[in-house]
Amino acid sequence: MIGIDMKTTVRASVLATLSLASFPFAVLAQSGADIACGETYTVVRGDSLSKISVRAYGSASFAVIYDANRDVVGNNPNLIRVGQILDVPCPGSSAVASEVEPTPKAEVVEVAEEEAEQETVVAVTPEGPIILTFNKASGGKFIINSGIIDVYLDEITEVTDGRVQFIDPPVVNQNAAEQFDLVTSGQVDGAYVYNGHLAASHPLLQLPMTPLMGGSAEQTAVSLWNLHDKHLADTGYFDDAALMGFVAAPAAHIWRLDGEPAMSEENIAESNNYAIPYFAGLDTRGPAAVREETQNQLMAQDESQYGTLTFFMAHGAARAVGIWTPERTVTEVDNGMYTPTFSVILSNDAWARISEADRAAIEEISGELLAHRSASWDVFDNGHRAHMIETGLKAVKASDDLLAELQAYSDERNAEWVAIANAAGVDGDAALMDYKDNLDALQDRLLFR
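Structural notes, computed from the coordinates. Position labels on residues start from 1 in each chain and follow its written sequence. Only residues with pLDDT of at least 70 get local features here, since the model is predicted, and only at 80 or more are side-chain atom pairs given and counted; chain-wide, interface and lining totals rely on the full set of residues. Water and hydrogen atoms were dropped before computing side-chain values, which therefore reflect all heavy atoms in the structure.

1. So, the packing of helix H7 (residues 217–232) against helix H17 (residues 428–441)
The packing of two helices is summarised by the inter-axis angle and the distance between the axes. To keep things clear, this is the line we draw: Convention adopted: a line fitted to C-alpha atoms gives each axis, helices being fitted over their contacting stretch, and angles between N-to-C directions are expressed from 0 to 180 degrees. Only DSSP runs of H or I reaching four residues or more are called helices, and only runs of E reaching two or more are called strands; each is numbered from the N terminus. What sets the label is the angle itself: under 35 degrees gives roughly parallel, over 145 gives roughly antiparallel, 65 to 115 gives roughly perpendicular, and the rest give oblique. Helix crossings fall into two classes, left-handed where the near helix is turned counterclockwise from the far one by less than a right angle and right-handed where it is turned clockwise. The contact definition used throughout considers only heavy atoms, calling two residues in contact when any of these lie within 4.5 Å. Residues are sorted three ways: Asp, Glu, Lys and Arg are charged, Ala, Val, Leu, Ile, Met, Phe, Trp, Tyr, Cys and Pro are nonpolar, and all the rest, Gly among them, are polar.
Running from N to C, H7 and H17 point in directions that differ by 150°, and their axes come no closer than 9 Å. It follows from the interaxial angle that H7 and H17 lie roughly antiparallel. With respect to the hand of their crossing, H7 and H17 are arranged in right-handed fashion. Counted together, Gln219, Thr220, Ser223, Leu224, Asn226, Leu227, Lys230 and His231 of H7 and Ala430, Ala431, Asp434, Tyr435, Asn438 and Leu439 of H17 form the full contact between these two elements. Residue composition of the contact of H7 with H17, grouped by class: 6 nonpolar, 6 polar and 2 charged.

Have a look at this one:
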């Protein structure tokens, strides 16, 4: 949603997704010639009572006009219809009330040009704060919440001076696969969505799931945001929700159950024997429950049949689920076997309820700045790595031969991505090159190097 020119593109995206069904009654404020008192005035597109009052009396106080037209306007002076005929009394013909500012104040909402012939609307800023539900699929203490999302949501409240606040929904849904639908269906106002679950609907977000196409959480989230900002935003692939930004987890490395590092010619890229339920268990049910599942899985695997078991996961995950023991080895791939990412979204409805000024303030702390918050996950993961190495973990760098093999595999997947991007109207080759350049420029975010 937030584009190259953050304010302009976000505004354009919001306008593109606003529907008149959301705001049924109509009007945009616009300037015009003076209105003569003592006559009637027909409401046109762009009017509000305060604007009409300015043109008739030189004051935004609309008490006089509203009092004279209550039967026409109804109970809400901030909602008037195109085509309504209003009486405009002169000061001598009725008691002109002392100037009182209208409450609540009306906020002008622009609409697309093709809607010009239809009724348009004024969004009314509520007297109290806007309270939005944000569903957190992970447990409250998990790092994506405690280190990133909670801080971000609190900052939104701070930059809007308390006008936008977030609460948990009455029932928190921790099914990672349902988060996007929860928001787009209106069941909650916001959530973070594991992009791996959006492979079918959002294939252009899957680059970090390819070997060597990610890295540290911060490095990956910022690169993915820049990819979106420069190349993907205009495709409309997030029309169903307001995209606030991306968050990433640290890259997955190669873990073996014996003391030998991963080598080339083992078909490593397709050798993940057990996908740890990192975002569908470890973060919700906790390490102990998943550790038991992992041990059961390991016992079910016959190494004499399958060979040395291989697992792709970040350091913290390996420690939490019991894959790591001091005698084991991790083969570290700086840009990862895959790097999980998340989209942080609000519903279009929720975004439209927020005033233009507050949306601008929120945009300032979203996008790339939100992506940089992923550094908290890097610090968390590197803390686990340091502890494991201190207690005997053997960490080795992937060999040049292994990296070349992974690069060849990655190149095949990237060619498929370029074709999808081209079909979506994006210059796939240019977008891929920019993404890789961003990863390279942020290599220093790998804190353990």
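The discussion continues.
2. Re the packing of aromatic side chains
Quick reminder of the rule: Only rings of Phe, Tyr and Trp enter the pairing, Trp through its six-membered ring, and a pair is recorded when the two centres are within 6.5 Å. The plane angle decides the type: under 30 degrees is stacked, over 60 is edge-to-face, the rest tilted. Throughout, exposure labels follow a simple rule: accessible area from a 1.4 Å probe, protein chains only, divided by the maximum for the residue type, with under 20% read as buried, over 50% as exposed, and the rest as partly exposed.
Taken as a whole and assessed by the stated rule, the structure comprises 9 aromatic pairs. Seen in terms of ring centroids, Phe134 and Tyr192 are 6.3 Å apart; in terms of plane orientation they differ by 40°. Their pairing is tilted. Of this pair, Phe134 sits in strand S5 (residues 130–135) while Tyr192 sits in strand S7 (residues 190–194); the two residues are 58 residues apart in sequence, bridging distant segments of the chain. Tyr192 sits in the buried class, given a relative accessible area of 2%. Ring centres of Phe142 and Trp377 lie 5.8 Å apart, and the angle between their planes is 90°; this geometry places the pair in the edge-to-face category. With Phe142 in the loop between S5 and helix H5 (143–159) and Trp377 in helix H15 (residues 375–390), this residue pair connects regions lying 235 residues apart in the sequence.

3. A look at the layout of surface pockets
If a probe the size of a water molecule is rolled over the atoms, the empty space left behind becomes visible. Selection rule: Note on definitions: the grid is 1 Å and covers protein atoms alone; a cavity is a set of points where a 1.4 Å probe fits but cannot get out; a pocket is an open set with protein on both sides within 12 Å along at least five of seven lines; lining residues have an atom within 4 Å of a point. Grid points are joined across faces, edges and corners, and a volume is the space filled by probe spheres set on the points.
Here the second largest pocket is characterised by a volume of approximately 270 Å³. What lines the second largest pocket is a set of 14 residues, among which Leu212, Asn335, Leu403, Gln407 and Asp440 lie closest to the centre. Of all elements in the fold, only helix H16 (400–423) and H17 reach the threshold of two or more residues within the lining of the second largest pocket. When grouped by side-chain class, the residues that make up the lining of the second largest pocket number 6 nonpolar, 3 polar and 5 charged.

4. Side note on the nonpolar core
How we decide: Nonpolar cores were defined as sets of buried Ala, Val, Leu, Ile, Met, Phe, Trp, Tyr and Cys residues, with membership established by side-chain atoms within 4.5 Å.
Core analysis: the biggest nonpolar cluster contains 65 residues, and Ile149, Tyr152, Val247, Val344, Trp377 and Trp417 have the highest contact counts within it. Excluding its chain neighbours within four sequence positions, the residues that come into contact with Tyr152 are Met244, Val344, Ile362, Ile365, Ser366, Leu370 and Arg373.

5. A word on the state of the cysteines
Short version of the rule: Note on disulfides: each one is a pair of cysteine sulfur atoms within 2.5 Å.
What the rule picks out here adds up to 1 disulfide. Each disulfide pairs two cysteine sulfurs, and for Cys37 the partner residue is Cys90, the sulfurs being separated by 2.0 Å. When the S-S torsion is 90°, as for the bridge of Cys37 with Cys90, the disulfide is right-handed. Separated by 53 residues along the polypeptide, Cys37 in the loop between helix H1 (6–17) and strand S1 (39–42) and Cys90 in the loop between strand S2 (85–88) and strand S3 (106–108) bring together distant segments of the chain.

6. With respect to the pattern of salt bridges
Using the following cut-off: Each reported salt bridge corresponds to a side-chain nitrogen of Lys or Arg within 4 Å of a carboxyl oxygen of Asp or Glu.
Summed over the entire model, instances satisfying the criterion amount to 12 salt bridges. Between Asp150 and Lys136 there is a salt bridge, with its nearest N and O atoms 2.6 Å apart. In this pair, Asp150 is assigned in helix H5 and Lys136 in the loop between S5 and H5, connecting sequence segments 14 residues apart. Relative accessible area serves as the criterion here: at 21%, Asp150 is assigned to the partly exposed category. The class for Lys136 is buried, based on a relative accessible area of 18%. Through salt bridges with shared partners, one network takes in Glu332, Asp334, Arg385 and Lys397.

7. Description of the pairing of strand S12 (residues 341–346)
Rules: Note on pairing: DSSP must find at least two bridges between two strands before they are called paired.
Burial analysis of S12 places 6 of its 6 residues in the buried class, which makes it a mostly covered element. Bridging between strand S8 (residues 242–248) and S12 involves 6 bridges; their strand directions are antiparallel. Bridge assignment links Gly245 to a residue of S12, and that residue is Val344.

8. Some points on unusual backbone geometry
A positive phi angle, near 55°, is found at Asp161, a position not held by glycine. Position of Asp161 among the secondary structure elements: in the loop between H5 and strand S6 (164–167). For Asp161, a relative accessible area of 61% translates into the label exposed. Phi is positive for Asn267, close to 55°, though the residue is something other than glycine. Residue position: Asn267 is located in the loop between strand S9 (253–256) and helix H8 (278–282).

9. Let's talk about the sheet that holds S9
With respect to topology, 4 strands assemble into an open sheet ordered S10-S9-S11-S13, the strand pairing being mixed. At either end of the open sheet lies a strand with only one pairing partner, and these are strand S10 (310–313) and strand S13 (394–397). The sheet shows a mean angle of 25° between the axes of neighbouring strands, direction not considered.

10. A look at the packing of H16 against H17
At a closest axis distance of 8 Å, the pairing of H16 and H17 adopts a crossing angle of 125°. As the angle between them shows, H16 and H17 are arranged oblique. In this structure, H16 meets H17 at a crossing whose hand is right-handed. Contacts from Asp411, Asn414, Trp417, Val418, Ala421 and Asn422 of H16 reach H17 at Gly428, Asp429, Ala431, Leu432 and Lys436. Here the residues of the contact of H16 with H17 are counted per class, giving 5 nonpolar, 3 polar and 3 charged.

11. A look at the sheet that holds S12
On the basis of which strands lie adjacent, the open sheet formed by 5 strands has the order S6-S5-S7-S12-S8 and mixed pairing. Edge positions in the open sheet fall to S6 and S8, since each of these has one partner strand only. When the angles between neighbouring strand axes are averaged without regard to direction, this sheet yields 25°. Looking at chain direction, S5 and S7 are connected through 2 bridges and run parallel. Residue pairing in the sheet places Asn135 in a bridge with Ala191 of S7. Strands S8 and S12 of the sheet are contacted by H7, whose axis makes an angle of about 150° with S8.

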